[in-house]
Amino acid sequence: DTAVSQTPKYLVTQMGNDKSIKCEQNLGHDTMYWYKQDSKKFLKIMFSYNNKELIINETVPNRFSPKSPDKAHLNLHINSLELGDSAVYFCASSPVGQGNADTQYFGPGTRLTVL
Amino acid sequence: AQSVAQPEDQVNVAEGNPLTVKCTYSVSGNPYLFWYVQYPNRGLQFLLKYITGDNLVKGSYGFEAEFNKSQTSFHLKKPSALVSDSALYFCAVNEGMRFGAGTRLTVKP
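Residues numbered from 1 in each chain as written. Chains lettered and ligands numbered in written order. Predicted model: local features only at pLDDT ≥ 70, side-chain atom pairs only at ≥ 80, totals over all residues. Heavy atoms only, no water.

### Topic: the pairing of strand E6 (residues 44-50) of chain B
The pairing of strand E5 (residues 33-38) of chain B with E6 of chain B spans six bridges and is antiparallel. Residue pairing for E6 of chain B: Trp35 of chain B is matched across the bridge by Leu48 of chain B. (Pairing = 2+ DSSP bridges. Helix = DSSP H or I, 4+ residues; strand = E, 2+ residues; numbered from the N terminus.)

Written as structure tokens, this is what we have:
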């Protein structure tokens with residue numbers, strides 16, 4: 001029944017490691033997003049994909065690479081993790097995409113802690 | 001650049017009193033404005049949105065928001081607050097997916 005799901009829910013890892021976070025939506029939406037929420041709860045868009053095509057790529061380090069194998073999945077791979085990457089990462093989806101009036105549906109978040 | 005601002009980090013109200021969470025926007029053209037709510041350890045949930053038409057928008061859980069073009073505001077309101085409304089509230093503009101910094105609402109019994 002879960003509309004937007006993320007795995008894992010918690011991720012604790014050492015600096016320098018490479019890790020991935022997976023996201024899946026079963027809503028049939030065309031667009032998916034990754035957001036980063038920092039410790040002050042500020043929410044910032046990182047990437048947006050529409051039908052497997054990148055449409056938003058905000059200024060994030062190139063250690064972050066999104067991958068969309070199909071329009072129901074948008075995974076986030078992070079290389080060489082740094083302390084500053086510690087945050088909660090949210091996946092979201094919407095029916096159409098940027099500039100549209102569509103509502104976004106958010107996943108439960110993945111809390112990443114880099115030690 | 002499109003943006004929204006939430007001037008208050010924290011809003012405290014007593015249960016049963018009306019509540020207002022403020023949002024102002026800076027958008028060229030006609031804005032699509034949203035309110036989302038985040039409960040502890042959860043993802044954001046949609047409350048309501050303004051696209052066009054009636055300036056008063058009604059949403060989930062008894063919330064409403066008034067679009068005011070002259071004041072470039074989109075304040076969230078509820079006539080009678082509940083303790084269960086305590087959460088983090090985000091205003092957003094769809095263009096560029098910009099969210100405000102969030103306002104923590106605390107409703108005290």
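### A look at the nonpolar core
Within the largest apolar cluster, 28 residues are counted, with the highest numbers of intra-cluster contacts made by Trp35, Leu47, Leu48, Phe74, Leu76 and Tyr89 of chain B. Those elements that place two or more of their residues in this core are strand E2 (10-14), strand E3 (19-21), E5, E6, strand E8 (64-68), strand E9 (73-78), strand E10 (87-93) and strand E12 (103-108) of chain B. The dominant element in this core, judged by the number of residues it contributes, is E10 of chain B, at four residues. With near-sequence residues (within four places) excluded, Leu76 of chain B lies in contact with Leu19, Thr20, Val21, Trp35, Leu47, Leu48, Phe63, Glu64, Ala65 and Tyr89 of chain B. Ile21, Tyr49, Leu76 and Val114 of chain A belong to the second largest nonpolar core, which has 19 residues in total. (Core = buried A, V, L, I, M, F, W, Y, C linked by side-chain atoms within 4.5 Å. Buried < 20%, exposed > 50% of the residue type's maximum accessible area, 1.4 Å probe, protein only. Contact = heavy atoms within 4.5 Å.)

### As for the packing of aromatic side chains
For the coordinates displayed, the defined rule picks out 16 aromatic pairs over all chains. Considering the side-chain rings of Tyr35 of chain A and Phe99 of chain B, the 5.4 Å spacing of their centres and the 85 degrees angle between planes classify their relative orientation as edge-to-face. Residue Tyr35 of chain A is located in strand E4 (residues 31-37), and its partner Phe99 of chain B is located in strand E11 (residues 98-99); the two belong to separate chains. Between Phe63 of chain B and Tyr89 of chain B, the aromatic rings sit 5.6 Å apart at their centres with planes inclined by 50 degrees, giving tilted as the arrangement. Placement of Phe63 of chain B in the loop between strand E7 (56-58) and E8 and of Tyr89 of chain B in strand E10 is noted, with a sequence separation of 26 residues between them. Residue Phe63 of chain B is classed as buried on the basis of its relative accessible area, which comes to 1%. Taken together, the ring pairs in this structure connect Tyr33, Tyr35, Phe90 and Phe106 of chain A together with Phe34, Tyr36, Phe46, Phe90 and Phe99 of chain B into an aromatic cluster. (Phe/Tyr/Trp six-rings, centres within 6.5 Å; stacked < 30°, edge-to-face > 60°.)

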